[in-house]
Amino acid sequence: MFAFAHVSDIHLGQDRNDGGARAYERAERVLRYLDQLPGTLDAVLLTGDIADHGTRDEYAAAAKLFADHGHLPLICPGNHDARGPYRAALLGGDAADTSPVNQAHHLIGATFAMCDSSIPGRGDGYLDDATLRWLDQTLAGSPKDQPAFVCFHHPPVPLHGQYVDPIRQFGEERLAEVVARHPQVAALLCGHSHTPAVTTFAGLPLVAAPGVVSTLKMPWEGESGGPIDYELPPMLAFHVYDDERRLTTHFRVVP
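Residues numbered from 1 in each chain as written. Predicted model: local features only at pLDDT ≥ 70, side-chain atom pairs only at ≥ 80, totals over all residues. Heavy atoms only, no water.

1. Considerations on empty space enclosed by the protein
- Enumeration according to the criterion identifies two cavities of 30 Å³ or more in this entry.
- Empty space within the largest cavity amounts to approximately 90 Å³.
- Those elements that place two or more of their residues in the lining of the largest cavity are α1 (21-35), β2 (43-47) and α2 (56-69).
- A total of four residues in the lining of the largest cavity trace back to one element, the largest contributor, which is α1.
- Per-class residue counts for the lining of the largest cavity are twelve nonpolar, no polar and no charged.
- Within this model, the second largest cavity holds a volume of roughly 30 Å³. (1 Å grid on protein atoms, 1.4 Å probe; cavity = no way out; pocket = protein on both sides within 12 Å on 5 of 7 lines; lining within 4 Å. Points joined across faces, edges and corners; volume = space filled by probe spheres on them. Helix = DSSP H or I, 4+ residues; strand = E, 2+ residues; numbered from the N terminus. Nonpolar A, V, L, I, M, F, W, Y, C, P; charged D, E, K, R; others polar.)

2. Details of the environment of Val 164
- Among the structural elements, Val 164 can be located in the loop between β7 (148-151) and β8 (169-170).
- In the structure, Val 164 is positioned 152 residues away from Leu 12 in sequence and 19 Å away in space, judged by C-alpha atoms.

3. Some thoughts on the sheet that holds strand β3 (residues 74-76)
- With mixed pairing, five strands are arranged side by side in an open sheet as β3-β2-β1-β14-β15. Either end of the sheet is taken by a strand with one partner, and the two such strands are β3 and β15 (247-253). Sheet twist, expressed as the mean angle between neighbouring strand axes with direction ignored, is 20 degrees.
- With four bridges joining them, strand β1 (residues 2-7) and β2 adopt parallel strand pairing. (Pairing = 2+ DSSP bridges. Axes fitted to C-alpha atoms, helices over the stretch in contact; angles between N-to-C directions.)

4. Quick word on helix α3 (residues 83-91)
- When we look at burial in α3, the residues that qualify are Arg 83, Gly 84, Tyr 86, Arg 87 and Leu 90.
- Contact partners of the buried residues in α3: α2 and β3.
- Looking at the residues trailing α3, positive phi occurs at Gly 92, about 70 degrees. (Buried < 20%, exposed > 50% of the residue type's maximum accessible area, 1.4 Å probe, protein only. Contact = heavy atoms within 4.5 Å.)

5. Some points on the packing of aromatic side chains
- Counted according to the given criterion, the structure contains eight aromatic pairs.
- Considering the side-chain rings of Phe 149 and Tyr 241, the 6.1 Å spacing of their centres and the 90 degrees angle between planes classify their relative orientation as edge-to-face. With Phe 149 in strand β7 and Tyr 241 in strand β14 (residues 235-241), this pair connects stretches of sequence that are 92 residues apart. Judged on exposure class, the residue Phe 149 and its partner Tyr 241 are both buried.
- Taken together, Phe 2, Phe 4, Phe 112, Phe 149 and Tyr 241 form an aromatic cluster joined through their ring pairs. (Phe/Tyr/Trp six-rings, centres within 6.5 Å; stacked < 30°, edge-to-face > 60°.)

6. Considerations on the pattern of salt bridges
- Counted by the stated rule, this structure contains eleven salt bridges.
- A salt bridge links Asp 97 to Arg 87, with the nearest nitrogen and oxygen atoms 3.6 Å apart. Note that Asp 97 is positioned in the loop between α3 and β4 (103-107) and Arg 87 in helix α3, a separation of ten residues in sequence.
- Overall, the relative accessible area of 10% leaves Arg 87 in the buried class.
- The salt bridge involving Arg 168 is made with Glu 172; its shortest N-O contact spans 3.3 Å. For the pair Arg 168 and Glu 172, a shared accessibility class is recorded, and that class is buried.
- Within this structure, Asp 242, Glu 244 and Arg 246 form a network of salt bridges that share partners. (Salt bridge = Lys/Arg side-chain N within 4 Å of Asp/Glu carboxyl O.)

7. Considerations on the pairing of β2
- Among the five residues in β2, five count as buried, and that is most of the element.
- Of the two faces of β2, both are covered, the one formed by Ala 43, Leu 45 and Thr 47 as well as the one formed by Val 44 and Leu 46.
- After leaving β1, the chain enters α1 and then returns to the sheet as β2, a path that is right-handed.
- Here β2 pairs with β3 via three bridges, running parallel. Considered in β3, the bridge of Leu 46 is made with Ile 75.
- Where the polypeptide runs from β2 across α2 and back to β3, its parallel neighbour, the crossover connection is right-handed. (Right-handed = clockwise from strand over helix to strand, strands pointing away.)

Honestly, it's all geometry; don't read function into it.
What follows is the structure in structure tokens.
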């Protein structure tokens, strides 16, 4: 059994009127919840929108937050992230390098391909040709007897949210072709939706983690006060991949 947590969309620095204190408190609350778990997780994921404005200060706050709680999540950028500052503050890389930030993590029991679906300066997502080549090579080199999880920020299918669907990941048929070549891919994991969602893509599970900073209302829930609810508590997902090659997801509200 391989069990891991999945967090998304912490948006550090979102409300500059309070210095970003609200977003930081909610992210810290989630990490504190993970700290207090009596059991052990095999990994923690954070699928994008770590910062809200992509500033160095926001990434410095994220690095401190992760260090203070002893969690080094597997990360990928979202549409609010900026590749240069992200790469410099969180990965120790070159701030002048604005190429896609793709990282492979070969853990004991699973491979995680953290893909950059961001398009600098835009809200929608796309896995460019270089990223897809990297993903294909990463999966080709991963153990065939262990699950591989393909992770990115933008969902590659509509989730029927009026706010996010227009800025989802496009060009998804190219991703489907890559995934189809690698039967060890167990699931695709994303964020961006600010609502927990489970569907399928290319015949595989696709799970969107809830947003930590806020929750997006669906059209049938009404938009009184706006489509984004800032009062609902943060949430996260726990994924379990078992010996029968089945992925089970549990969602948790963090009080």
